[in-house]
Amino acid sequence: QKEVEQDPGPLSVPEGAIVSLNCTYSNSAFQYFMWYRQYSRKGPELLMYTYSSGNKEDGRFTAQVDKSSKYISLFIRDSQPSDSATYLCAIQTGGFKTIFGAGTRLFVKA
Amino acid sequence: DAGVIQSPRHEVTEMGQEVTLRCKPISGHDYLFWYRQTMMRGLELLIYFNNNVPIDDSGMPEDRFSAKMPNASFSTLKIQPSEPRDSAVYFCASSRGFLSTDTQYFGPGTRLTVL
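Small disclaimer: the values here were computed from a predicted structure and weren't measured. (Residues numbered from 1 in each chain as written. Chains lettered and ligands numbered in written order. Predicted model: local features only at pLDDT ≥ 70, side-chain atom pairs only at ≥ 80, totals over all residues. Heavy atoms only, no water.)

A count of helices and strands for chain B gives zero helices and 11 strands. Seen in sequence order, chain B has helices and strands lined up from the N terminus as β-β-β-β-β-β-β-β-β-β-β. Computed over its C-alpha atoms, the radius of gyration of chain B comes to 13 Å, within 12% of the 13 Å expected for a compact globule of 115 residues. Each of the three principal axes of chain B carries a C-alpha extent, and together these read 40 × 30 × 30 Å. Expressed as a percentage of the 115 residues in chain B, the buried residues total 47%. The contacts of chain B with a sequence gap of at least 6 include a subset with a gap of at least 24, amounting to 55%. Carbon and sulfur atoms form 50% of the exposed surface of chain B, whose accessible area is close to 5700 Å². (Helix = DSSP H or I, 4+ residues; strand = E, 2+ residues; numbered from the N terminus. Rg over C-alpha atoms; globule rule 2.2 N^0.38 Å. Buried < 20%, exposed > 50% of the residue type's maximum accessible area, 1.4 Å probe, protein only. Contact = heavy atoms within 4.5 Å. Areas by Shrake-Rupley, 256 points an atom, 1.4 Å probe, with all protein chains shown as cover.)

Below is the structure:
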């Protein structure tokens, strides 16, 4: 079993839709949770970071962590064509290496 | 700052040849990471350095892979001899520290194709 599982998609939605991206993880020792966005032919860039259960909002983006279920989510409200990218969840046990999910490809159609 | 710089952006080589990938981290960043990304395995950490010293190379797949960081502004990842299964996008990233709060900044990647 992989330490971090993420559905690779692709996920295709119309502009303005609410997008839900999810990951599950296996190690309860993981403490830090991140979402990276990767545009085609580019390197990943950090989108959001959280270390506690609950929600964290940043504009149209909300990161949600449920440590009891070992489940993390990224919600995108009012999705735009510019949101079309691959979204990677990333998890870290404090001070150790970061483990990335496989990434979910998202297409937002105008 | 120009961000993390990688070269070349694309490399096509034949099986058995030596390949050298280069990286210039962001000035002032003490940590440098080399990752490999494939469709099958996703983004994998190969090795990381702290202050030019290799700290964890457990992700390096085989002895054919080696990495060096001769100074704070330059690192190389070498594959010798290269094989078709090494075809992937190789990313270099750097960060100020190793805490989860220290953002890793990725370069644009080198797309390697081994024929």
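Turning our eyes to something else, we now look at unusual backbone geometry. Most peptide bonds take the trans form, and the phi angle of most residues other than glycine is negative. Here A:Gly9 and A:Pro10 are connected by a cis peptide whose omega angle stands at 10°. Within the secondary structure, A:Pro10 sits in the loop between strand 1 (4-6) and strand 2 (11-14). Its identity as a non-glycine residue notwithstanding, B:Asn52 has a phi of 75°, on the positive side. Tracing the backbone through its elements, the reader meets B:Asn52 in the loop between strand 5 (42-50) and strand 6 (53-56). In this structure B:Asn52 comes out as partly exposed when scored by relative accessible area, which is 28%.

For the rest of this paragraph, the subject is the interface of chain A and chain B. Between chain A and chain B, the residue contacts involve 18 residues of the former and 19 residues of the latter. Together chain A and chain B conceal approximately 1500 Å² of surface at their shared face, both sides included; 54% is due to carbon and sulfur atoms. When the buried surface of chain A facing chain B is broken down by residue, A:Arg41, A:Lys97 and A:Phe100 rank first, second and third, together holding 31% of it. Our enumeration of links across chain A and chain B arrives at zero salt bridges. Connecting chain A to chain B are one residue pair in polar contact (both at pLDDT 80 or more). Counting only elements with at least two residues in the side of chain A that touches chain B, the list comes to strand 4 (32-38), strand 5 (45-50), strand 9 (85-92) and strand 10 (98-100) of chain A. Top contributing element to the side of chain A that touches chain B by residue count: strand 4 of chain A, with four residues. Tallied by class, residues from the side of chain A that touches chain B come to nine nonpolar, five polar and four charged. (Buried area = accessible area lost by both parts, 1.4 Å probe. Salt bridge = Lys/Arg side-chain N within 4 Å of Asp/Glu carboxyl O. Polar contact = N/O pair within 3.5 Å; in protein donor to acceptor, adjacent residues only side chain to side chain. Nonpolar A, V, L, I, M, F, W, Y, C, P; charged D, E, K, R; others polar.)

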